[in-house]
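# Understanding the architecture of this molecule
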Amino acid sequence: MRRILPFIAALSLAACTAHVQPPRASAPPAVDWAFQRSDLAPDPAFRFGKLDNGMRFIIRRNATPAGTAQVRMDIAAGSLNETEAERGYAHFVEHMAFNGSTHVPEGEMVRLLERNGLAFGADTNAQTSFEQTLYQLDLPRNDPALLDTALMLMRETAGELSFTPEAVARERGVVLSELRDRQGLDLNNLKDQIAFLYPHATYPRRLPIGTVESLNAATAASLRAFWAREYVPAKATLVVVGDFDPDTVEAAIRAKFAGWQPRAESPRPDEGVVKPGLKGQVDIWIDPALSERVVASRHGPWLHEPDTIAQRRLNLLRQIGYGAVNRRFQRISRQLAPPFRGAGFGTGDVFRIGRTTNLVVDVEDKGWRNGLIAAAATLRQALRDGFTAEEIAEQVANTRTALENAAAGQDTRSNGALVAAALALVRDDQVPTTPASGLARFNAFAAQITPQGVLAALKTEALPLKDPLLRFQGRSAPEGGAAALRKAWNAAARTTATRFTPVKGPFAYTDFGPPGAVVADSREPAFGIRMVRFANGVRLNLKHTDLDKDRISIRYSLDGGEMLDTRENPLAMEMASTLPAGGLGKHSQDDLQTLLAGRSVSNPFAPSGDLFTGTVTTTPRDLELQLDLLAATISDPGYRPEAEVPFRANMTNYFARLTATPQSALANGQPGVLSDNDPRFTLQPAGDYQKLTFARLRADLADRLARGALEIAMVGDLDEDAAIALVARTFGALPLRESDFRPYVAERRRSFTADRRLVVLRHKGEADQAIVRMVWPTTDDSDPVTTMGLGLLEQVASVEVLDSVREALGKAYSPGAASSLSRVWTGYGTFALQASVDAADVAATREAFRKTVADLVSAPVDADVLERARAPMRERIDATLKTNGGWLALADRAQTKPDRIDRFRTARARLDAFTATELQALARRYLGAKPVEFLVLPEAAPAPAE
């Protein structure tokens, strides 16, 4: 089991630690698969094979979702395979896979897939990390011809790419735009962090995106040379998981790839070293938008631990140990005046050149000293004195439940989950065992799990943080600098940590009064959704499915939501989503975590439009407790003041990053502009958020919790009658509620500005970053024909701007269009075009957008473009009811919004009926007028003329 360093995981650099290198010369004799030298048996439903040329493949038949498949080609080459002069080449080659090959002309690959129903980005994608390049195709149909196309395209990528100078020149702009978009405070912070921790390793100088200099120097010949050297059969593994006959898939793989000529693998360049003796140093990194964090780290050698039964037992003990330590941190962070906002302890591999143990401490501004001392003292206490039986029992309960849930649902695992298991074998030598076997191994071992054994196992991996490397990040330097940081660390050794005191007793919410009587019970005819109403006004919509074994999904819709925000009180519901953190009247949030350990339950709550909603997934055995918890959340929220503390800290950090990037500047500036500064949609002064309290929230929210109309949807592996009885005992037993959702006629009014002057927003990010965005007012979603038409127009516009702004001009990495028609705000909707571009390319991008819109308005869209836009939409409609999520959306408001069911039933026909002429008429109607145009520019950049 690979463990990701906590601070690296927080910065989305899992690739640094989650992947391993090919075996070294000192490794045991080579085998094709890790399970061949393990006592762990792989899932027999997987088929493993190897061609004579050295390419491996993994096939598994699976029907979740039915009639679909995922195809992946993993190339064991990434940025660590680059030389200094080739930085960014692995990623550049990944881009060139979409830009022409022997049998597929430049630009045709994406179009071919779009015609087959695969949307670019969502279904057709690729990614490059330090050690791998992965090509991904999600097939919406189990059509043999489509599988043949997918394998043909993978084969083209493997050995037939063209690399014409013209295509390289065009794609260079796209790659540089991706590099530009990723620059900013988070990447700068990451670069400093890994350079400080790993000065003698290569990977800090091999970020997959590359450098401007190396990318500009890349030529068709140099990229081809890298591709020819690294894309060899022995480094490739093809994975196909889905609703296909494995014999058919294997025959197709052999037919397509047997002719790929083998070549010798090239050795990876020197990766450098992670020095265990590196200690005692301090790094301080300052940025006005960064919240305070202190990290203590020590390095050690990489542990060669092949995947075996014994190793998994050891890893389980370690996992429980890390979990117990981090649970202590979590408990402290939930105090009324906590010393830190959060803390984490963990150990992770640095490829195969070392491992690092980290203590990460997040604090409020100026709180670094108290936070570091408290966290370090807590860690020292745990590693010195060990854990209590109660702590270990909580972790074991959670582990057992996770394994039981996985085993119960193993027959309906998704394609994605099975692909992930296959790739873990390919990359990390993790044997893809069955969940049932994992549960059996746990049950055989569970009695041997003791606090003493957990502590001993933890210490076999976690390194002592003696005289550690210390790194500080924040908005201002710590008072006293490096010496003060070291002094605080040393002070922790003389500090007594808070002792663990477990909560005891039963969950207090199991009796809500006499069960509610059912006063209406019918079944919707088109899809068989059962619709029940209780005497207190609560509605319940149910649908049994076999799509996800042992899983039940629930969504509740409670009247109110953002309708309670007014011009006079625009922040009324700002804290509503923190309600679960305030616990219940009889239990704090922290107590609930312990009392409910080992149970598949949660209690989300958040405003969404005209509702308060929460969506959960539980199991049949925990359904009753889940309903108890949700009913308690609505009927007796705790409003505990300790939850106000993280809310205020989060708001402080939010305002510190308000204009730190182009994206944040746009997100925070646009709503006020479009609404003419309506306070309901406009960011309010920072101080107003700091004044918010649970007392104010209770005053504004209590009536809706007590009396608001309530509709519940429940789908999955359920017994309808049993579920109705449980809802009757919980929600149905609550006091009488309003029978209908309120109309909120006045509250639903939302204007769109009439001001069409150019809007320039400023950001504090990189000097070359800009955003161009154009927004047109449209309408709400009350008319299904208009809604479908504008959705289709969105897809057409996305295809067009991708072809023009990205592919032809090379100005942006991910330009796109978006149609948003409101279900909440009467008559309100928007249509937008947007691209993140170089500040020097703003004028060209504006012109490209104008031309795209002018073309859509002036003439019917090209038939091929229309089909490329329509086909992925058609597949999404067809796939809706292949998942519980789709059924939940359909059942969500089946009683109070029955028109949505008929709308879905006729959606496919409505989509297919749309003509190019009708689409042009929609474009003329909604896009013919001047849009509101936003330019998000660096602070020093001159604003263009109107």
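Criteria and thresholds
Residues numbered from 1 in each chain as written. Predicted model: local features only at pLDDT ≥ 70, side-chain atom pairs only at ≥ 80, totals over all residues. Heavy atoms only, no water. UniProt positions renumbered as here; feature names shortened; annotations may be inferred. Helix = DSSP H or I, 4+ residues; strand = E, 2+ residues; numbered from the N terminus. Rg over C-alpha atoms; globule rule 2.2 N^0.38 Å. Contact = heavy atoms within 4.5 Å. Areas by Shrake-Rupley, 256 points an atom, 1.4 Å probe, with all protein chains shown as cover. Lys, Arg positive; Asp, Glu negative; His and termini not counted. Charge placed at Lys NZ, Arg CZ, Asp CG, Glu CD. Pairing = 2+ DSSP bridges. Axes fitted to C-alpha atoms, helices over the stretch in contact; angles between N-to-C directions. Buried < 20%, exposed > 50% of the residue type's maximum accessible area, 1.4 Å probe, protein only. Polar contact = N/O pair within 3.5 Å; in protein donor to acceptor, adjacent residues only side chain to side chain. Phe/Tyr/Trp six-rings, centres within 6.5 Å; stacked < 30°, edge-to-face > 60°. Lys NZ or Arg CZ within 6 Å of the ring centre and 35° of its normal. Core = buried A, V, L, I, M, F, W, Y, C linked by side-chain atoms within 4.5 Å. Left-handed = near helix turned anticlockwise from the far one by under 90°. Nonpolar A, V, L, I, M, F, W, Y, C, P; charged D, E, K, R; others polar. Parallel < 35°, antiparallel > 145°, perpendicular 65-115°, else oblique. Salt bridge = Lys/Arg side-chain N within 4 Å of Asp/Glu carboxyl O.

For the chain, the name recorded in an unreviewed UniProt entry is Insulinase family protein, with Novosphingobium cyanobacteriorum as its organism. Database annotation for the chain, UniProt heading Cofactor (unreviewed entry): "Zn(2+)".

The helix and strand tally for the chain stands at 31 helices and 23 strands. Against the 2.2 N^0.38 benchmark of 30 Å for 946 residues, the chain shows a C-alpha radius of gyration of 29 Å, consistent with a compact globule. With respect to the principal axes defined by its C-alpha atoms, the chain has extents near 75 × 75 × 60 Å. In the chain, 83% of the contacts between residues at least 6 apart in sequence involve partners at least 24 apart. Taken as a whole, the chain presents about 36300 Å² of accessible surface, with 54% of it coming from carbon and sulfur. Between the centroid of the 113 positive side chains of the chain and the centroid of its 114 negative side chains there is a distance of 4 Å.

This next bit is on the sheet that holds strand β16 (residues 606-608). Spatially, the 7 strands line up as an open sheet ordered β12-β13-β14-β18-β15-β17-β16, and their pairing is mixed. Sheet topology places β12 (518-523) and β16 at the edges, where each strand pairs with a single neighbour. Looking at each pair of strands side by side, their axes are set apart by 20° on average, direction ignored. Bridging between strand β15 (residues 552-559) and strand β17 (residues 611-618) involves 8 bridges; their strand directions are antiparallel. For Ser 553, the partnering residue across the bridge sits in β17 and is Thr 617. Against the sheet, helix α28 (residues 884-891) contacts β14 (539-544), β15, β17 and β18 (710-716), and its axis sits at roughly 150° relative to β18.

The UniProt record marks residues 61-183 with the feature "domain: Peptidase M16 N-terminal" (unreviewed entry), using the residue numbering of this structure. End C-alpha atoms of residues 61-183 are separated by 41 Å, and the span's content is 41% helix alongside 16% strand.

So, about the sheet that holds strand β2 (residues 56-61). Spatially, 6 strands are ordered β1-β2-β6-β3-β5-β4 in an open sheet, and the strand pairing comes out mixed. Strands with a single pairing partner mark the edges of an open sheet, and in this sheet they are β1 (46-50) and β4 (124-128). This sheet shows a mean twist of 15° between the axes of neighbouring strands, independent of strand direction. Across 7 bridges, the pairing between strand β3 (residues 69-75) and strand β5 (residues 133-139) is antiparallel.

In the numbering used here, UniProt assigns the "domain: Peptidase M16 C-terminal" (unreviewed entry) feature to residues 218-397 and 703-871. Structurally, residues 218-397 is divided into 42% helix and 21% strand, and its ends, taken at the C-alpha atoms, are 54 Å apart.

Position of Asn 99 relative to the elements: it lies in the loop between α3 (89-96) and α4 (108-115). Residue classification places Asn 99 among the buried positions, given a relative accessible area of 5%. Within the structure, the side chain of Asn 99 is placed 2.9 Å from the backbone oxygen of His 95, a separation counted as a polar contact. Within the structure, the side chain of Asn 99 is placed 3.1 Å from the side chain of Glu 171, a separation counted as a polar contact.

Before going further, it helps to spend a moment on the packing of aromatic side chains. Enumeration according to the criterion identifies 25 aromatic pairs in this entry. Centroid distance Phe 507 to Tyr 509: 5.7 Å. Interplanar angle 50°. Geometry classified as tilted. We classify Phe 507 as buried; its relative accessible area is 13%. The class for Tyr 509 is buried, based on a relative accessible area of 6%. Ring pairs connect the aromatic residues Trp 33, Phe 35, Phe 46 and Phe 48, which therefore count as one cluster. When the ring centre of Trp 33 is taken as reference, the NZ or CZ atom of Arg 56 above it lies at 4.4 Å. Residue placement shows Arg 750 over the ring face of Phe 681; its charged tip is 3.9 Å from the ring centre.

A few words now on the environment of Arg 413. Within the secondary structure, Arg 413 is located in the loop between α13 (389-408) and α14 (415-428). Note on Arg 413: relative accessible area 17%, which makes it buried. Residues Arg 413 and Lys 549, spaced 136 residues apart in sequence, show a C-alpha to C-alpha distance of 8.5 Å. Those residues within four positions of Arg 413 in sequence are excluded, and the remaining contacts are Asp 43, Arg 60, Asn 62, Thr 64, Leu 418, Thr 433 and Pro 435. Within polar-contact distance, the side chain of Arg 413 engages the backbone oxygen of Gln 410 at 2.9 Å.

Before going further, it helps to spend a moment on the nonpolar core. Of all hydrophobic cores here, the largest spans 76 residues; its most connected members are Met 714 and Phe 731. Counting residues per element, this core draws most heavily on helix α19 (residues 623-635), at 8 residues. Aside from chain neighbours lying at most four places away, what touches Met 714 is Leu 540, Asn 541, Leu 542, Lys 543, Ile 552, Ser 553, Ile 554, Leu 623, Leu 627, Ala 723, Val 727 and Leu 888. By size, the runner-up hydrophobic cluster in this structure holds 55 residues, among which are Met 55, Ile 59, Leu 146 and Leu 215.

Here the focus is the packing of helix α5 (residues 144-159) against helix α10 (residues 246-257). Running from N to C, α5 and α10 point in directions that differ by 35°, and their axes come no closer than 10 Å. Pair α5 / α10 crosses with right-handed handedness. The residues of α10 that touch α5, namely those facing Leu 147, Asp 148, Leu 151, Met 152, Met 154, Arg 155 and Ala 158, are Val 249, Ala 252, Ile 253, Lys 256 and Phe 257. Of the residues belonging to the contact of α5 with α10, the class tally is 9 nonpolar, no polar and 3 charged.

Moving on: the packing of helix α11 (residues 309-333) against helix α15 (residues 435-445). Between α11 and α15, the least distance of the axes is 11 Å, while the angle of their chain directions is 70°. Taken together, the axes of α11 and α15 lie roughly perpendicular to each other. Counted together, Ile 309, Arg 312, Arg 313, Leu 316 and Leu 317 of α11 and Arg 441, Phe 442, Ala 444 and Phe 445 of α15 form the full contact between these two elements. Taken together, the residues of the contact of α11 with α15 break down into 6 nonpolar, no polar and 3 charged.

Okay, the pairing of β15 next. With 7 of 8 residues buried, β15 lies mostly within the body of the structure. In this structure, β15 lies alongside β18, joined through 7 bridges in antiparallel fashion. If you follow Ser 553 over to β18, its bridge partner there is Val 715.

This model, assessed by the stated rule, comprises 79 salt bridges. When the shortest N-O distance is used, the salt bridge between Arg 47 and Glu 250 registers 2.8 Å. Note that Arg 47 is positioned in strand β1 and Glu 250 in helix α10, a separation of 203 residues in sequence. A relative accessible area of 17% means that Glu 250 is categorised as buried.

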